[in-house]
Amino acid sequence: MLSKRLWQGLVIFLAVLLLFHLTSHLVAEVFWFQEVGYTQVFWLRIVTQGSLWLMVVSISAVYLWLNLALAHRWKYPSSHDLGEVKFSQQLTTFLSPQYTSSNRATKSESRFLPMKLRSLLPLTLSLSILVALILAHYGTISLTYWQNGVNQPSNLNVPTLFNLEAIFNWGKIVISPDWFLAIVFTIAIAILIYPQFLLSAIAVILSLGFGWVISQHWSEVILFLHPIPFQQSEPLFHKDISFYIFSLPIWELLGFWLMGLCLYSLLAITLTYLLSGNSLSQGRFAGFSPQQQRHLFGLLGGFMLIVGLSNWLHRYELVYSDRGVSFGASYTDVNAQLPADTVLCVLAVAIAFYILWRTIKWQSQHLQQRLLVYLLSLYSFLLLLGNIIIPSAIQSFIVQPNELQREQKYIARTIAMTRQAFALDTIDTLTFNPQGKLTEADIQANDLTIRNIRLWGKEPLLKTNRQLQQIRPYYRFPDADIDRYTIKTAGNPSTTEKRQVLIAARELDYNAVPQQAQTWVNRNLIYTHGYGFTMSPVNTVAPGGLPEYFVKDIISNDSILNTSSPEIRESIPIGKPRIYYGEITNTHVMTGTKARELDYPSGSDNVYNTYDGTGGIKIGAFWKRCLFAAYLQDWQMLFTRDFLPETKVLFRRNINQRVRAIAPFLKFDSDPYLVAADANPGTAQGNYLYWIVDAYTTSDRYPYSDRDKNSINYIRNSVKVVIDAYNGTVNFYIADINDPLITAWSKIFPQMFQPLQAMPENLRSHIRYPVDFFKIQSERFMTYHMTDPQVFYNREDQWQIPNEIYGSEPRPVEPYYLITSLPNVSFEEFLLFLPYTPKQRTNLIAWLAARSDGENYGKLLVYIFPKERLIYGTEQIEARINQDPVISQQISLWNRQGSRAIQGNLLVIPIEQSLLYIEPIYLEATQNSLPTLVRVVVAYENRIVMTQTLEQGLQAIFKPELTPAPAIIRPVETEIP
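Source: prediction; values computed, not measured. (Residues numbered from 1 in each chain as written. Predicted model: local features only at pLDDT ≥ 70, side-chain atom pairs only at ≥ 80, totals over all residues. Heavy atoms only, no water.)

**Student:** In this structure, what is going on with the sheet that holds strand 17 (residues 648-650)? I would like to understand it.
**Tutor:** What holds strands together in a sheet is hydrogen bonding between their backbones, with the strands either parallel or antiparallel. With antiparallel pairing, the 3 strands of this open sheet are ordered in space as 13-17-16. The sheet is open, and its two edges are formed by strand 13 (589-591) and strand 16 (617-618), each paired on a single side. Summarising the sheet, strand 16 and strand 17 pair through 2 bridges and their orientation is antiparallel. By the bridge assignment, Lys-618 is partnered in strand 17 with Lys-648. (Pairing = 2+ DSSP bridges. Helix = DSSP H or I, 4+ residues; strand = E, 2+ residues; numbered from the N terminus.)

Given below as structure tokens:
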């Protein structure tokens, strides 16, 4: 009695603990979403997920429970007399050579398929193995969804439908690891021993798994209820693209769920009947009774209906086929697979209706059982014939001997749809024919471009920042971002110029705090924020080869941050640059406490501050402290005496986690960038630091569109997100009003999204074309710039991204920002560039440019070089640099005695109708990395120059008579193929 009460008490305690945990999590999330102002998003997600989970779990559990209850009612009782024959004796007789047909039992007129142990044992073992495989399959999917759903909720794909290809792929997974087979076989044996308990337990597990998987697709369900037409149709079924984006995933999800439900119930009920009456120990199964037959008929009819649905949906999935030479439905898919799927669908539905009709109009006749066996055999034969034999034969004997002729129409479809899905069809194609006639006058006329040529890259600047600007060990520069700012001209404040800069946030990295100082008070009350930023022009060098800083340090002459000139301080808003929300702010902190927050170091002392921003949630009440202590798993919050009534907790301060928590249905750029701007001119505010994050709407369901390495085949940069680095406020702005996906989301959450014009002008002037989006488009464009099907088939004009030497190792050229003017454009602008070379060649063939300023934002242009003459590529210029005896000798000298030379990014810069190549060379010590810019290599046409400054290099190229002695000039005499 005592032990029973202890168990009851333990169960009640665990239930209360679980309830408290769930409640605290829910209430804390509500408070957080109220803080950021997006409670509508939270409640719609929670209600949709909860409703889906409850509906699916309830339907699954009730369906499986009712069928198992009926099976237990109609199964043979354990005392059913099938003969007093022990299992060991039957097994001996079964293996004996004298076991003949005389041992067979006579069939009863009303019972179907009686069996001896010879047939019963392998059949039941096979069915139990299938049940174990179903559990393993759906369990694996549920676990995958659990991991991905928690960490990356926008990366979940709809599970694969039931078809031969899916079964084959799953079979390869099953047979690969021995431990997996051992687990499956162990579960199968356990089912044979404890069928009632384990089949019921598996039903519960599957019901919970179905609910979890489907609830994670809440966003697809909401989009299904709010579809927006694309006003474009695909060429096979002539359906609007919206059907594939919004509707088809839900039908596939429904098929995934119902297929598992019907298949498991059919197998579980069949096993229940076969194992009833102690059939294995008795060595005989008396056959299925009329009630059992009718029950199985009904289950089989439902299963065949879902099989028919699977066949029907597979027809539409042909637009994602990879069978032919191009993505999407090929000749074989359209002329063989599509008719086969249609026939199989009609046959499966006909069989299902026949079985269900026989179930309703039940007659216990063996003739209908035989007819059913014939129909199922016919379906299986046609399934094998239509899905494997005929398509393989057509592909081998009809398509491959005349592949271009057969596939040409389908290749054209893939090209057109892929270009639409990745917005490649909007790229303007122009011709660029370098004339080699650049003069000193042209250089002077493009002075703004020259003064913004990037000599400092992210990597050397961050290394220098970490040596010179971190100030204290607990500060860190996680990244540096390229941007452009309008700077007042020195000596003439009425004029301004656009300067390209590298800006880096000085964030607080608590992990770098000395171990002895890593106390709870320091972690949560003292070390709360980073402070300031550095800003460096990309093209200037300070004495000693170090980068010049427009903004640096923390305090100088009682001024916050140190600026290089009064004009810089007037041009760059600084205010009180505290960073409570950043890229590495991973701790939760409490502000407004008795403990003073470390603001910044000042000499041998520290300056302290109390947070007065709008971020955070008040936890002055004790019940709130209990709530957030449970949610944050920080129980010291309950015992500290430092809290005040106005104390607030700030959590989820990492900007990447913050935006993903608010909008898990969007994908976000990997590189948030810092902006210093006065977003509200004329109002008194102390903070001018903001983060901008690019967000994307994506899909893997765009028909005929070839997927990239991330399985995406549709993407738009539809949203710009702005996060206040001090207050933590988050605003979403629609950047692409023509995207149907973001239009749908804006209708679902009308208060969440604002038009781009609502973004403050001082912030909008800093938006840029995102590198991640540009990389995806440029990778697709290497192949899909070819619009002629024959050229595409032959891959005769395939492009590639060239390599460059960075440090001493080759690596692909990364897209880079420039301030320059496009050919035949009269003004300079902020552009993103990437050069191309032909496949397996090193000469330039084209360059892709994305515009970022004003009305031209988002426009893409590709400039094609003439194929009949050589335009030097990055690898060819690198080869010329490293083959030059004087330059290579100097680099070799630097690579001795504890230092090494680093060849920086090689930039290809269009000026007028010519190309200029610029590569900085840095020198750093191997022990204490502090890169300094020591040389600049300039290449133009047939000349290469290495000088101490860019100005000297340009002078050596275009005014060689004035070139100072240290300059190294080498003509390029021969071409490199």
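**Student:** How should the side chain of Asp-669 be read in this particular structure?
**Tutor:** With respect to the helices and strands, the residue Asp-669 is situated in the loop between strand 18 (667-668) and strand 19 (673-676). Here Asp-669 is buried and forms no salt bridge, its nearest opposite-charge partner Arg-768 lying at an N-O distance of 5.9 Å. Within the structure, the side chain of Asp-669 is placed 2.9 Å from the backbone nitrogen of Asp-671, a separation counted as a polar contact. A distance of 2.5 Å separates polar atoms of two side chains, one belonging to Asp-669 and the other to Tyr-696. Discounting chain neighbours no more than four positions away, the residues touching Asp-669 are Arg-660, Val-693, Asp-694, Tyr-696, Pro-770, Asp-772 and Phe-773. (Buried < 20%, exposed > 50% of the residue type's maximum accessible area, 1.4 Å probe, protein only. Lys, Arg positive; Asp, Glu negative; His and termini not counted. Salt bridge = Lys/Arg side-chain N within 4 Å of Asp/Glu carboxyl O. Polar contact = N/O pair within 3.5 Å; in protein donor to acceptor, adjacent residues only side chain to side chain. Contact = heavy atoms within 4.5 Å.)

**Student:** When you look at a nonpolar patch on the surface in this model, what are you seeing that I'm missing?
**Tutor:** Together, Trp-7, Leu-10, Phe-13, Leu-14 and Leu-17 give the surface a local cluster of nonpolar side chains, amounting to about 550 Å² of exposed area. Position of Leu-17 among the secondary structure elements: in helix 1 (residues 2-36). (Patch = residues over 30% accessible without salt bridge, like charges linked within 9 Å, V, L, I, M, F, W, Y side chains within 5 Å. Areas by Shrake-Rupley, 256 points an atom, 1.4 Å probe, with all protein chains shown as cover.)

**Student:** What am I meant to see in the environment of Glu-403 here?
**Tutor:** Its place among the elements puts Glu-403 in helix 14 (residues 403-421). The buried category is assigned to Glu-403, whose relative accessible area is 17%. Among all residues touching Glu-403, those that are not within four sequence positions of it are Val-325, Gln-395, Gln-408 and Tyr-793. Separated by 2.9 Å, the side chains of Glu-403 and Tyr-793 make a polar contact.

**Student:** Sorry, what's going on with the pairing of strand 10 (residues 551-556) here?
**Tutor:** On a regular strand, each side chain points to the face opposite its neighbour's, so the side chains alternate between the two faces of the sheet. Sheet topology note: the strand 10/strand 11 (residues 559-563) ladder contains 4 bridges and is antiparallel. By the bridge assignment, Ile-555 is partnered in strand 11 with Ile-560. Linking two consecutive strands that pair antiparallel, namely strand 10 and strand 11, is a turn of 2 residues; a positive phi of about 50° is found at Asn-557 within it.

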